[in-house]
Structures are given as structure tokens and as C-alpha cells.
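# Descriptive structure summary
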Amino acid sequence: MADEYNHTQGSASATWDISHGILANTYACDVMIYSGGQLKKVLPVSVKDLGGSVLRVTFSEAQTGKARIIGKTA
């Protein structure tokens, strides 16, 4: 079974702390940033599970954009 959460980062930040509310064993995270007015998929510097249903996405510079978190339970 998989759950999904969509996050929008409207204010530019080099660190996105995303409270997704998904209780799962494993997560996948797709990250897209706005570049030239369009969304482009990127690989951030890091994605860390902070526990408590929070992921931290880190970039080398401040970004706006979207992230999709998919959590899978056993």
C-alpha cells in the first residue's frame, strides 16, 4: 500500500522541511524546482528522514517548487 503527499514550496529556501503525515517504512521523493517559469525535475543535495513524518530536502541555493512524497508500508 502506498500513500502520497504533494508539497508546494512558495517561498525560496535552500532547506525544505516537509511535514507529510505519511506513516511508512520507505519513502520516495520527486523534487521539481521553478526555473525560467517552468517546473524542472532535479536531484537535491540531500533528502533526509527527520522522523515524525518529516523529510528535509536540501539544495545548494534557495529554490521554490514542488515535491511529491510517496510512502510505502509493508
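Data block above holds the structure.
Read on for an overview of the structure.

Basis of the calculations
- Residues numbered from 1 in each chain as written.
- Predicted model: local features only at pLDDT ≥ 70, side-chain atom pairs only at ≥ 80, totals over all residues.
- Heavy atoms only, no water.
- Helix = DSSP H or I, 4+ residues; strand = E, 2+ residues; numbered from the N terminus.
- Contact = heavy atoms within 4.5 Å.
- Core = buried A, V, L, I, M, F, W, Y, C linked by side-chain atoms within 4.5 Å.
- Buried < 20%, exposed > 50% of the residue type's maximum accessible area, 1.4 Å probe, protein only.
- Salt bridge = Lys/Arg side-chain N within 4 Å of Asp/Glu carboxyl O.

### Some words on the environment of Ser53
Counting through the fold element by element, Ser53 comes out in the loop between strand E4 (46-51) and strand E5 (54-72). What Ser53 contacts, discounting residues up to four positions off in sequence, is Ile18, Ser19, His20, Gly21, Ile22 and Leu23.

### Brief notes about the nonpolar core
Ranked by size, the top nonpolar core spans 11 residues in total: Trp16, Ile18, Ile22, Ala24, Val31, Ile33, Leu55, Val57, Phe59, Ala67 and Ile69. Looking at which element gives the most residues to this core, the answer is E5, with five residues.

### Side note on the pattern of salt bridges
Tallied over the entire structure, the rule returns three salt bridges. Between Arg56 and Asp17 there is a salt bridge; the shortest N-O distance is 2.6 Å. Of the two residues, Arg56 is situated in strand E5 and Asp17 in strand E1 (residues 2-19); the sequence distance between them amounts to 39 residues. Asp30 is the salt-bridge partner of Lys41, the closest N and O atoms lying 3.3 Å from each other. Residue Lys41 is located in strand E3 (residues 38-42), and its partner Asp30 is located in strand E2 (residues 26-35); the two are separated by 11 residues in the primary sequence. We classify Lys41 as exposed; its relative accessible area is 61%. For Asp30, a relative accessible area of 22% translates into the label partly exposed. Salt bridges sharing partners connect three or more residues here, namely Asp30, Lys41 and Arg68.

None of this, on its own, says anything about what the molecule does.
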